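Notes for the structure review
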Amino acid sequence: MILKAALIGNPIIRAQAQSLEPSEITLPQTQRLIDDMIKTMHEYDGVGIAANQVHIGKRIAILEVSDAHPRYPSAPKISLQVLINPEIIEYGKKIVADWEGCLSVPGLRGQVPRSVEIRVRALDRDGNRVEFTADDFHARIIQHECDHLNGRVYLDRMNDLKTLSFLDEYRRYAQSGK
Ligand code: NI
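A few points on the structure. Everything numeric in this text was worked out from a predicted model, so none of it was measured.

Now for the layout of surface pockets. Empty space within the second largest pocket amounts to approximately 270 Å³. What lines the second largest pocket is a set of 14 residues, among which Ile-88, Tyr-91, Cys-146, Asp-147 and Arg-157 lie closest to the centre. Mapped onto the lining of the second largest pocket, the elements with two or more residues apiece are β3 (78–91), β5 (105–115) and α3 (136–149). With 4 residues, β3 is the largest single contributor of residues to the lining of the second largest pocket. Classifying every residue of the lining of the second largest pocket by side-chain character gives 6 nonpolar, 3 polar and 5 charged.

In structure tokens:
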């Protein structure tokens, strides 16, 4: 089922999402929520989604970048990843600003500084512990989604709102000049 996206202004976007108990992960309703989040991310052409963006205050984040993604055509392919109770346990020192958008902030893009490399610990959808290093756009998406689970959106991370652009203007001026 495709779920309705919660937009900024809705208090759930600013609320701290709650951790899942390991026993909760394999429950049919959690697995159904994960499947619905994947369908919703695809429907909105997103590259990531956090559960509070579909009105569920749980620490679940999903990300995936398909080849030639409609909204991020130059981004490298990233296989579907379901992260439960994700934690960023290390941030690389190198910070780079790049463009981000968000399903909860429709129609806008802005440049956001993020660590280029991070170390992540989480559980997968079967409840297995995973730990890995992510870099570049992959690291950016995970930082963006983990922010969501802590009630933050990318606008909070921008250190200069001058790059904030409507999508059409972004395509016309920023993307073509890149
Ligand atoms: Ni977002």
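Read on for the rest.
Tallying each qualifying case throughout the model produces 2 aromatic pairs. Note on Tyr-72 and Phe-137: the rings are 5.4 Å apart at their centroids and 45° apart in plane angle, and the pair reads as tilted. Remark: Phe-137 occurs in helix α3 and Tyr-72 occurs in the loop between β2 (60–65) and β3; sequence separation between them is 65 residues. Phe-137 shares its class with Tyr-72; the two are buried. An angle of 65° between the planes, with centres 4.9 Å apart, marks the rings of Trp-99 and Tyr-170 as edge-to-face. Within this pair, whereas Trp-99 is found in strand β4 (residues 95–102), its partner Tyr-170 is found in helix α5 (residues 167–175), the two being separated by 71 residues in sequence. Judged by relative accessible area, Trp-99 falls into the buried class, the value being 10%. In this structure Tyr-170 comes out as buried when scored by relative accessible area, which is 7%. The ring of Tyr-72 has Arg-109 sitting right over it, with the charged end atom 4.3 Å from the ring centre.

Now for helix α2 (residues 28–43). Along an α-helix, residues three or four positions apart point the same way, because every turn accommodates 3.6 residues. In this model α2 runs 22 Å from its N-terminal to its C-terminal C-alpha over 16 residues, within 8% of the 22 Å that 1.5 Å per residue would give. For α2, every residue scored as buried is listed here: Thr-30, Gln-31, Leu-33, Ile-34, Asp-36, Met-37, Ile-38, Thr-40 and Met-41. Turning to α2, the residues buried within the fold contact α1 (22–25), β1 (48–50), β2 and β3. Positive phi shows up at Asp-45, right after α2, with a value of about 55°.

Criteria and thresholds
- Residues numbered from 1 in each chain as written.
- Predicted model: local features only at pLDDT ≥ 70, side-chain atom pairs only at ≥ 80, totals over all residues.
- Heavy atoms only, no water.
- 1 Å grid on protein atoms, 1.4 Å probe; cavity = no way out; pocket = protein on both sides within 12 Å on 5 of 7 lines; lining within 4 Å.
- Points joined across faces, edges and corners; volume = space filled by probe spheres on them.
- Helix = DSSP H or I, 4+ residues; strand = E, 2+ residues; numbered from the N terminus.
- Nonpolar A, V, L, I, M, F, W, Y, C, P; charged D, E, K, R; others polar.
- Phe/Tyr/Trp six-rings, centres within 6.5 Å; stacked < 30°, edge-to-face > 60°.
- Buried < 20%, exposed > 50% of the residue type's maximum accessible area, 1.4 Å probe, protein only.
- Lys NZ or Arg CZ within 6 Å of the ring centre and 35° of its normal.
- Expected span 1.5 Å × (residues − 1).
- Contact = heavy atoms within 4.5 Å.

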